Structures are given as structure tokens and as C-alpha cells.
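Observations on the model geometry
The primary structure of each chain is shown beneath.
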Amino acid sequence: MVDYTWYGMQTRSVERLTFTMGKSFRARSIITSCEGRSEYEVTLDDQWVFRKLTLHGHDSRRLEVQRGNDGTWGVNGERRPDLEGAIDIDLGFSPFTNTLPIRRLNLAIGSRAEITTAYIEALSLRVLPDPQAYTRTAVNLYLYESLDSDFTCNITVDPDGFIIDYPGLYSRRLPRR
């Protein structure tokens, strides 16, 4: 079991995540912000492939997202064919989910991969397909690109692929006031 804490810079927040490894991987997180407290749990298989998300939002909303072994997706019990090209999720309010493709892809330095994620918007909790790319530019540095906007960012990771610094958005270092 490993614990991580991230500080949100754009939206002031603190995320405390506990990551457990076994036959599958499990992340449990509590995010505290000016909007309140949210909690989520993510289950992955031993290859870092997403299987299930349960989210309890700060406003009492609940979201369940699942990906079957056959690549089918469900959101709150409804089948979502538009997500079937996705393997990973991307929570718009947490840097943790960037670790999923980083670990799963295990890119060599200089290599790039285009993927689609099931992106979960921070406020609305809508789940949408989202094309992205990751390029490993150094041992601990990745270029993240949104392929449907002009957003790019160089993210720094630790040796286990967990985000240390996502400039302007999240950091494991306490922000200066």
C-alpha cells in the first residue's frame, strides 16, 4: 500500500490517494476542495487496464463506470458503445488517472502513443470519449497532448509512473501561497 497527496493549483484542492497492489490494483481517493468532498475508487487489472470506477461527488451524485474484458463500457448501468475504443479513464479532477496509460503503455524514451480515454468532466460528471497522446521524452518526463484541443503539458512522474508535477494543475509539493 502506498499513499500519495496532490495539491490542485488551478482549482484549490487536496487529493489523498491510497494505492493497493495485489491480484488487481485499487486506488481509493478523497478530494477536498472549496466545493466540498468527493471520493472515488478505481479498480485495475494487473496490466494497468481499467475495470471499474465508483465516484461519490461532493453534491451527493454517484457515478459508476465499468469496462468489461471484451472492451464494452457501461456508465451507471447503461451500455456506452461510443467508449469502446477506450482502455483508460481520465478523471478531469485528478492527476492519478494519467498514471494508467503511462504504466500500461510502458513507452521507451522517444516513443509516442495515441489513445482514447473515457474522460469524466469535473463538474458535470459526463463521460465522453477523449483522444490523447503520450510521448516519453525522458526517464521521468512525458508530453501529454489533447488531440481534440490545443492543450499540451510536460508532466513529471516518479519511478512508479505517478505524477509529481502537472504544471499549473497539480503537484505533490505544497503550493506557495
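These lines cover the structure that appears in this document, whether it is placed above or below. Only a predicted model underlies this, so the values are computations on that prediction, with no experimental measurement involved.

Notes on the overall build of the protein chain
- Scanning the protein chain from terminus to terminus reveals 1 helix and 15 strands.
- Relative to a compact globule of 177 residues, whose C-alpha radius of gyration would be 16 Å, the protein chain shows 15 Å and is just as compact.
- Overall, the protein chain is about 40 × 40 × 35 Å in size when its C-alpha atoms are taken along their principal axes.
- Within the protein chain, buried positions represent 46% of all 177 residues.
- Counting every atom, the protein chain has about 9,100 Å² of accessible surface; 48% of that belongs to carbon and sulfur.
- Positive and negative side-chain charges of the protein chain, numbering 22 and 24 respectively, have mean locations separated by a distance of 5 Å.

Structural notes on the side chain of threonine 99
- Its place among the elements puts threonine 99 in helix H1 (residues 99-105).
- Reaching out from threonine 99, the side chain makes a polar contact with the backbone oxygen of glycine 161 at a distance of 3.0 Å.
- Ignoring anything within four residues of it in the chain, the contact list for threonine 99 reads Trp48, Asp160, Gly161, Phe162 and Ile163.

So, the pairing of strand S11 (residues 127-138)
- Looking at chain direction, strand S10 (residues 112-120) and S11 are connected through 9 bridges and run antiparallel. By the bridge assignment, alanine 113 is partnered in S11 with tyrosine 134.
- Hairpin connection between S10 and S11: a loop of 6 residues separates the two successive antiparallel strands, and leucine 125 in this loop has a positive phi of roughly 60°.
- The antiparallel hairpin formed by S11 and strand S12 (residues 141-146) contains 2 residues in its connecting segment.

Section: the pairing of S12
- Where S11 lies against S12, 6 bridges are found, and the strand directions are antiparallel. The partner of glutamine 132 across the bridge, within S12, is serine 146.
- Of the strand pairs in this sheet, S12 and strand S13 (residues 152-157) are connected by 5 bridges, and their pairing is antiparallel. Bridging from a neighbouring strand, tyrosine 142 pairs with isoleucine 155 of S13.

Notes on the packing of aromatic side chains
- Counted by the stated rule, this structure contains 15 aromatic pairs.
- Ring geometry for phenylalanine 19 against phenylalanine 25: centres 5.8 Å apart, planes inclined by 45°, an arrangement best described as tilted.
- Pairing tyrosine 134 with tyrosine 144 gives two aromatic rings, centres 5.4 Å apart and planes at 70°, and the pair type is edge-to-face. Of this pair, tyrosine 134 sits in strand S11 while tyrosine 144 sits in strand S12; the two residues are 10 residues apart in sequence, bridging distant segments of the chain. Assigned by exposure class, tyrosine 134 and tyrosine 144 land together as buried.
- Each member of the aromatic cluster is reached from another via a ring pair, and the members are Tyr4, Trp6, Phe19, Phe25, Trp48, Phe96 and Phe162.

Notes on unusual backbone geometry
- Its identity as a non-glycine residue notwithstanding, serine 60 has a phi of 75°, on the positive side.
- Its location among the elements puts serine 60 in the loop between strand S5 (50-56) and strand S6 (62-67).
- What makes serine 60 exposed here is its relative accessible area of 72%.
- Unlike most non-glycine residues, leucine 125 shows phi in positive territory, near 60°.
- On the secondary structure map, leucine 125 appears in the loop between S10 and S11.

Procedures and definitions
Just so you know, the residues in each chain are numbered from 1, in the order the chain's sequence is written. Reporting in this predicted model follows two pLDDT cut-offs: at least 70 for local features of residues, and 80 or more for side-chain atom pairs to be given and counted; totals over whole chains, interfaces and linings ignore these cut-offs and use all residues. Side-chain numbers here rest on the full set of heavy atoms in the structure, without hydrogens or water. For the purposes of this entry, the term helix denotes a DSSP run of H or I that reaches at least four residues, the term strand denotes a run of E that reaches at least two, and both are numbered from the N terminus. The globule rule is 2.2 Å times the number of residues to the power 0.38, and the radius of gyration it is compared with is taken over C-alpha atoms. Think of it in three bands: with a 1.4 Å probe and only protein chains considered, a residue is buried below 20% of the maximum accessible area for its type, exposed above 50%, and partly exposed in between. Areas reported here follow the Shrake-Rupley algorithm with a probe of radius 1.4 Å; residue values treat only the protein chains shown as occluding. Charged residues are defined here as Lys and Arg on the positive side and Asp and Glu on the negative side; His and the ends of the chain fall outside this count. To locate a charge, take NZ of a lysine, CZ of an arginine, CG of an aspartate or CD of a glutamate. Here a polar contact means two N or O atoms within 3.5 Å. Within protein one must be a hydrogen donor candidate and the other an acceptor candidate, and residues neighboring in sequence count only if both atoms are side-chain atoms. The criterion used for residue contact is that any of the two residues' heavy atoms lie within 4.5 Å. Pairing between two strands is assigned when DSSP locates at least 2 bridges connecting them. Stacked, tilted and edge-to-face are the three classes assigned to paired rings of Phe, Tyr and Trp, where Trp is represented by its six-membered ring and a pair needs centres within 6.5 Å; plane angles under 30 degrees give stacked, over 60 edge-to-face, the rest tilted.

Such coordinate-based values are descriptive only and should not be taken to indicate function.
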